[in-house]
Amino acid sequence: MSLFGPLHAAVLCAVAAALLLAGGRTEAARRARPVLAGGGAPPEPAPPPWRAVRAGLRGRPEWLCLPVGLAVAVAGDSVLPLLAGALAVPLVRRGLRARARRRAEARRAEAVIALCGSVAAELRAGLQPGPALVAAGTGRALGDAEPAVVAAARFGGDVPRALRDAAGEPGAEGLAGLAACWSVAVGSGAGLAAGLDRLEAALRAERDQREDLDAQLAGARSTIVLLALLPVLALGLGTALGAEPLRVLLHTPAGLLCLLVGAVLEAAGLWWSARIVRRGGAR
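Along each chain, residues carry numbers from 1 onward, in the same order as the chain's sequence is written. Local features in this predicted model are restricted to residues of pLDDT 70 or higher, and side-chain atom pairs are both shown and tallied only at a pLDDT of 80 or more, whereas totals for entire chains, interfaces and linings draw on every residue. Side-chain figures throughout are based on the complete set of non-hydrogen atoms in the structure, without hydrogens or water.

A.B. asks: It is not clear to me how the pattern of salt bridges should be interpreted in this structure. Could you clarify?
C.D. replies: Where charged atoms from two side chains of opposite charge come close, those side chains can pair. We define a salt bridge as a side-chain nitrogen of Lys or Arg found within 4 Å of a carboxyl oxygen belonging to Asp or Glu. For the coordinates displayed, the defined rule picks out six salt bridges. The closest approach of N and O atoms between Glu 244 and Arg 247, which form a salt bridge, is 2.6 Å. For Arg 247, a relative accessible area of 43% puts it in the partly exposed group. Salt bridges sharing common partners tie together Glu 110, Arg 207 and Asp 208. Relative accessibility decides the category of a residue: with a 1.4 Å probe and only protein chains considered, values under 20% of the type maximum give buried, values over 50% give exposed, and everything between is partly exposed.

So this is what it looks like as structure tokens:
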């Protein structure tokens, strides 16, 4: 009898017991609450526990590594894939958070461009710089610094300094140009609307250049994904041909050695390829 059988059964029993206990407590609490409060009949039955699990995974997709690892562990009759799935959770979470940060930076940069155009339009409509900045709507572009910038614009404070402080956030670097235009316009009486137009055009050109570079690097990123999936495709092909690659890799000394060396080489290759793409994107 394999060593993974009892562990597999224990894990499944523990998960099922936790779900049933949680569902039982939730259902009992929902039924007891209106009765104790004098509300009459109990409410409708609670939804199945797996719906709550699915709702919880919706915002944490990295935890899907555990059931995938469990499935491979059952198929290969070994605990190693389950451990690999557990170790992959923080790595996947880190990658997803970095991707979310990049998307947030891109949205903020786009909001800064829109802010420059809106302020210029309000200035041409006849508003003064302070009211024009307030009327343009600054929430997404300024983020947490919005109260300080709005207060400075409304009450005659140091608007350029507040904008430079807000420019320190990722994706909001264009606010430093807005602060420079503001300082020049206030100090020399130059037209702020014309300066904002030029600033908006420069930020749009920089955004277009960045998007063009991302499009050129898309092929390299696709290659990295393909390299990451090649071992999985090889295992599936070997299983389809009846070679039993999981049994060889997980239950023989030579297979374990090949699995270790292959995992190290795969991780090194992915890291090096991602490093090349990151350097290309930074340039």
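That shown, we press on.
A.B. asks: For this particular structure, what's the right way to read helix H7 (residues 146-154)?
C.D. replies: Structural remark: α-helix, 3.6 residues per turn; residues separated by three or four positions point the same way. Listed as buried for H7 are Val 149, Val 150, Ala 152 and Ala 153. Angular distribution of buried residues about the axis of H7 spans 160°; they occupy a single face of the element. What points out from H7, more than 90 degrees from its buried face, is the exposed set Pro 147 and Arg 154. Put simply, DSSP H or I for four residues or longer makes a helix, DSSP E for two residues or longer makes a strand, and each gets a number counted from the N terminus. Taken from the residues just after H7, Gly 156 is the one with a positive phi, measuring 75°. Think of the arc as the fan of directions from the helix axis to the C-beta atoms.

A.B. asks: Please clarify how the side chain of Glu 62 should be interpreted in this entry.
C.D. replies: Here Glu 62 shows up in the loop between helix H2 (49-58) and helix H3 (65-76). Here Glu 62 falls in the buried class, since its relative accessible area comes to 7%. What Glu 62 contacts, discounting residues up to four positions off in sequence, is Val 89, Val 92, Arg 93 and Leu 96. Between two residues, a contact is recorded if the distance between any of their heavy atoms is within 4.5 Å.

A.B. asks: Before we go on, may I ask you to explain the packing of helix H4 (residues 80-124) against helix H10 (residues 192-240) in this structure?
C.D. replies: Between two packed helices, the angle of one axis relative to the other and the distance separating the axes together describe the packing. Note on geometry: axes are C-alpha line fits, over the in-contact stretch for helices, and angles between N-to-C directions span 0 to 180 degrees. Here H4 crosses H10 at 160°, and the two axes come no closer than 9 Å. Here H4 lies roughly antiparallel to H10, going by the angle between them. By crossing handedness, the relation of H4 to H10 is classed as left-handed. For the pair formed by H4 and H10, the contact residues are Ala 109, Glu 110, Val 112, Ile 113, Cys 116, Gly 117, Val 119, Ala 120, Leu 123 and Arg 124 on the first element and Leu 192, Ala 193, Leu 196, Asp 197, Leu 199, Glu 200, Leu 203, Arg 204, Arg 207 and Arg 210 on the second. Side-chain classes follow a simple rule in which Ala, Val, Leu, Ile, Met, Phe, Trp, Tyr, Cys and Pro form the nonpolar group, Asp, Glu, Lys and Arg form the charged group, and the remainder, Gly included, forms the polar group. The class makeup of the residues in the contact of H4 with H10 is twelve nonpolar, one polar and seven charged. In what follows, roughly perpendicular refers to angles from 65 to 115 degrees, roughly parallel to angles under 35, roughly antiparallel to angles over 145, and oblique to any angle outside these ranges. We call a crossing left-handed when the near helix sits turned anticlockwise from the far one by less than a right angle, and right-handed when that turn is clockwise.

A.B. asks: Help me understand the confidence of the model for the protein chain, please; the structure alone is not making it clear to me.
C.D. replies: Any region with low pLDDT has predicted coordinates that should not be read closely. A residue's pLDDT is simply how confident the predictor is in it, with values from 0 to 100. In the predicted model, the protein chain carries a mean pLDDT of 78, and 76% of its residues have values of at least 70. The low-confidence segment residues 13-32 (pLDDT under 50) makes eleven contacts with residues lying over four places distant or belonging to another chain. When the criterion is pLDDT under 50, residues 34-42 qualifies, and its contacts beyond four places in sequence or with other chains add up to seven contacts.

A.B. asks: Is there a simple way to explain the environment of Gly 156 in this structure?
C.D. replies: Within the element layout of this structure, Gly 156 appears in the loop between H7 and helix H8 (159-166). Among the residues examined, Gly 156 registers a relative accessible area of 68% and is labelled exposed. In this structure the C-alpha to C-alpha distance between Gly 156 and Gly 130, which are 26 residues apart in sequence, comes to 7.7 Å.

A.B. asks: Hey, could you run me through the packing of H3 against H4 in this one?
C.D. replies: H4 packs onto H3 with a crossing angle of 160° between their chain directions and a minimal axis gap of 7 Å. The angle between H3 and H4 places the two elements in the roughly antiparallel class. Handedness of the crossing formed by H3 with H4: right-handed. Taking contact as the criterion, the partners of Cys 65, Leu 66, Gly 69, Leu 70, Val 72 and Ala 73 in H3 are, on H4, Pro 81, Leu 82, Gly 85, Ala 86, Ala 88, Val 89 and Val 92. Residue composition of the contact of H3 with H4, by class: eleven nonpolar, two polar and no charged.

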